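Observations on the model geometry
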There are 2 protein chains.
Amino acid sequence: MANRVYNFAAGPAAMPLSVLEKAAAELTNCGGCGMSVMEMSHRSPAFEEIIGGAEAALRRLMKIPDHYKVLFLQGGATLQFSTIPLNLYRNSFSADYALTGSFAKKAAAEAKRVGKVNVVASSEDQKFNYIPEVDRSKLDPNADYMYIVTNNTIYGTKWPELPTPLNGVPLVADASSNILSEPMDVEKFGLIYFGAQKNVGPAGLTVVIVRDDLIGHAKPEVPIYLDYKTQADGGSMYNTPPTFAIYMAGLVFEWMESLGGVEAMAERNYKKANLLYDFIDNSDFYTATVPNRAHRSIMNATFVLGSEELNKRFVAEAAKCGLVNLKGHRSVGGIRASIYNAMEYEGVKALVDFMAAFEKENR
Amino acid sequence: MANRVYNFAAGPAAMPLSVLEKAAAELTNCGGCGMSVMEMSHRSPAFEEIIGGAEAALRRLMKIPDHYKVLFLQGGATLQFSTIPLNLYRNSFSADYALTGSFAKKAAAEAKRVGKVNVVASSEDQKFNYIPEVDRSKLDPNADYMYIVTNNTIYGTKWPELPTPLNGVPLVADASSNILSEPMDVEKFGLIYFGAQKNVGPAGLTVVIVRDDLIGHAKPEVPIYLDYKTQADGGSMYNTPPTFAIYMAGLVFEWMESLGGVEAMAERNYKKANLLYDFIDNSDFYTATVPNRAHRSIMNATFVLGSEELNKRFVAEAAKCGLVNLKGHRSVGGIRASIYNAMEYEGVKALVDFMAAFEKENR
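Remember, it's a predicted structure, so these values are computed and weren't measured experimentally.

Bringing the interface of chain B and chain A into the picture now. One frequently used descriptor of interface size is the decrease in accessible area upon assembly of the parts. In this assembly, 62 residues from chain B lie in contact with 62 residues from chain A. Both sides of the chain B and chain A interface together cover about 4700 Å² of buried area, and 60% of this is carbon and sulfur. Area buried by chain B at its contact with chain A is led by Thr28, Met38 and Glu39 of chain B, which between them contribute 14% of it. Counting across the interface, chain B meets chain A through 2 salt bridges. Across the contact surface, chain B and chain A share 24 residue pairs in polar contact (both at pLDDT 80 or more). In terms of residue class, the side of chain B that touches chain A is built from 33 nonpolar, 20 polar and 9 charged.

And the structure:
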């Protein structure tokens, strides 16, 4: 497709071109049924096939066991910040939170509206540029769950190894920005959720993968939409789900499977991330903002140049070359290259080539 | 476009073909920016133009005064059932509800989780096939709001005239199934909301139009996503909004304006509804399920044939002729033709022609 840019946005983010082309081709008439997916009743057999197909593909990709439900919801991670404590606070009304960024902090703030939050790790002392050790002496054996963010979009960090919660404490993960980027052992978690708009599909879809025993504990005053039991019993269709976003997610899952699944994605993603990080680490013109390479994200690579003025010029010049949305998050500045599943190796190669040329001209 | 059907689904529902065609044409590259709308950062100038344009168009179409905010949210009407009491219960923690269908009942049930519900009217005695009188002696002068559903999708009813709440009590309306179908005086309401998937756009977008003085009353324990103040202060972008659905809604608003706005829509809608209702009322083969024509919806026309078997045959035969999704809601049976803004006059004409032919063959 001519005139497409390489889009390094952190989310909403680049999607596979073949998926967009397929969606465009059937946007007025899907599968010969005479209407758009957007026009289909969510109760129609055609849409049931779409949502069922999307769920089945996700289950295959992530090897989700049968005793986990997959829920297609709305409201983004932000609504899950509240929904999780409203459903999972059930015994001690306390949970262990690891603070690895502002989204983890926001999640903890929402949990505090419902019960107690016990901070078991934090990297705020260094502006979240590393993944902290979990102080196991701080872990609460009675915690209703332990909460982590697997990948921190703003800061470019990722847990090098998942923390192990105390026996019987379910691990809850916001995996919005690295879901499906590499294999993940679902059975290690009580709940995994992600907003679709980074690694999967369009904004407006939030997927929750939740173990059966964690469903059904919401108190009577919890809004019916937020009760996982409502959504599980209704097969994500207690009310009208975001049908088109689910369809797009299904197409992205299909695309992933066609390339070899999560294992193939991981191989491609490490290859992309290594190309970029190797280049940065071999340069004294660019500096990675996460010093410990083992803590670096393979989805969001953050780095800086020698001055804010150089950062700005870099972003502007890159955009002129069709490498767009490289500006770091407004809260941290610098450069951020988000290189999700849909970003091709060629895109990262083009970025590295540009970086080399820019360095030559601006040293 | 060849092979398109006439889609009488109640929602998600038919959309204007020209809108779908425009979306398809720019699905991989929107406005020459080198990416899909779905891939745009919600913080980008390009998307800010899209959301700003959609809001401005809606404000023009509905003549929304400046002291009302327009919020683009997620979660459907179902989440608003809870969000409204969580925000608007502020003094008496009681509200007046008119029960004109199962969605009004569900809304009342959610309000009961938060405070008191005072039922001021109900048509449940006759399976909601009429709009009840509001018993003014039952109205609570201290109610925090009065709640109605302007159009009842399942039953095919619409308020012939809006009820007038007691002085100072804000009127709150679920207008999901007749928003923008005819002029509505926004200043008569404290809050109007609608799910997009009936008369506006794809599922996954809920629009709330709320008067400024009703914002900012949520109690501290209310989830931050559900606090109208969060959403108003953030310009609907406290977190990532459903960007593509907002874009589609904007295209639909543009399409409405190009046809002459809400007044032109109303003219077209009454013409369509009258064609269908005149035909039904002049036939003894078909019976409207709402006896009082003044109470009938111009968006959802419900009727029955002489037997359940005939109803079934009607739906099946119609589908063969490209007139699809005519089955009534599973809770009431019979036939329902949803003829929202996007349904052309020709579609209703085709339906009436089919009805005449079917009557001849099956009498």
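Having seen the structure, we can now continue with the description.
This part takes up the relation of the copies chain B and chain A. Mapping chain B onto chain A calls for a screw motion: a turn of 180° about the axis and a shift of 0.0 Å along it, with 0.0 Å RMSD after fitting. Seen this way, the second copy is the image of the first under a two-fold rotation axis. Residue Ala24 of chain B, judged by its C-alpha, is the member of chain B lying nearest the rotation axis, at 2.3 Å. Here 100% of the interface residues in chain B have copies in chain A that are interface residues too; the copies meet face to matching face.

For the rest of this paragraph, the subject is the sheet that holds strand β12 (residues 300-304) of chain B. Residue and element names in this part refer to chain B. The strand order β11-β12-β14 describes an open sheet built from 3 strands, whose pairing is antiparallel. One side of each edge strand has no neighbouring strand; the edge strands of this open sheet are β11 (287-288) and β14 (335-338). Lying on the sheet, helix α7 (residues 261-281) is in contact with β11, β12 and β14; it crosses β12 at an angle near 15°.

Before going further, it helps to examine the packing of helix α8 (residues 308-320) of chain B against helix α9 (residues 345-362) of chain B. Residue and element names in this part refer to chain B. Where α8 contacts α9, the axes come no closer than 11 Å and their chain directions differ by 130°. Of the possible angle classes, the one that applies to α8 and α9 is oblique. Note on packing geometry: the crossing formed by α8 with α9 is right-handed. Taken together, the residues of α9 that come into contact with α8 (itself represented by Leu310, Arg313, Phe314, Glu317 and Ala318) are Leu351, Phe354, Met355, Phe358 and Asn362. A class-by-class count of the residues in the contact of α8 with α9 yields 7 nonpolar, 1 polar and 2 charged.

Turning next to empty space enclosed by the protein. Think of a ball as big as a water molecule: rolled over the atoms, this probe shows where empty space is left. Per the counting criterion, the structure on display carries 8 cavities of 30 Å³ or more. Contributing to the lining of the largest cavity are Pro202, Ala203, Gly204, Pro242, Phe244 and Ala245 of chain A together with Pro202, Ala203, Gly204, Pro242, Phe244 and Ala245 of chain B. Elements that contribute at least two residues to the lining of the largest cavity include exactly α6 (243-258) of chain A together with α6 (243-258) of chain B.

Conventions used here
- Residues numbered from 1 in each chain as written.
- Chains lettered and ligands numbered in written order.
- Predicted model: local features only at pLDDT ≥ 70, side-chain atom pairs only at ≥ 80, totals over all residues.
- Heavy atoms only, no water.
- Contact = heavy atoms within 4.5 Å.
- Buried area = accessible area lost by both parts, 1.4 Å probe.
- Salt bridge = Lys/Arg side-chain N within 4 Å of Asp/Glu carboxyl O.
- Polar contact = N/O pair within 3.5 Å; in protein donor to acceptor, adjacent residues only side chain to side chain.
- Nonpolar A, V, L, I, M, F, W, Y, C, P; charged D, E, K, R; others polar.
- Least-squares fit on C-alpha atoms with pLDDT ≥ 70 in both.
- Pairing = 2+ DSSP bridges.
- Helix = DSSP H or I, 4+ residues; strand = E, 2+ residues; numbered from the N terminus.
- Axes fitted to C-alpha atoms, helices over the stretch in contact; angles between N-to-C directions.
- Parallel < 35°, antiparallel > 145°, perpendicular 65-115°, else oblique.
- Left-handed = near helix turned anticlockwise from the far one by under 90°.
- 1 Å grid on protein atoms, 1.4 Å probe; cavity = no way out; pocket = protein on both sides within 12 Å on 5 of 7 lines; lining within 4 Å.
- Points joined across faces, edges and corners; volume = space filled by probe spheres on them.

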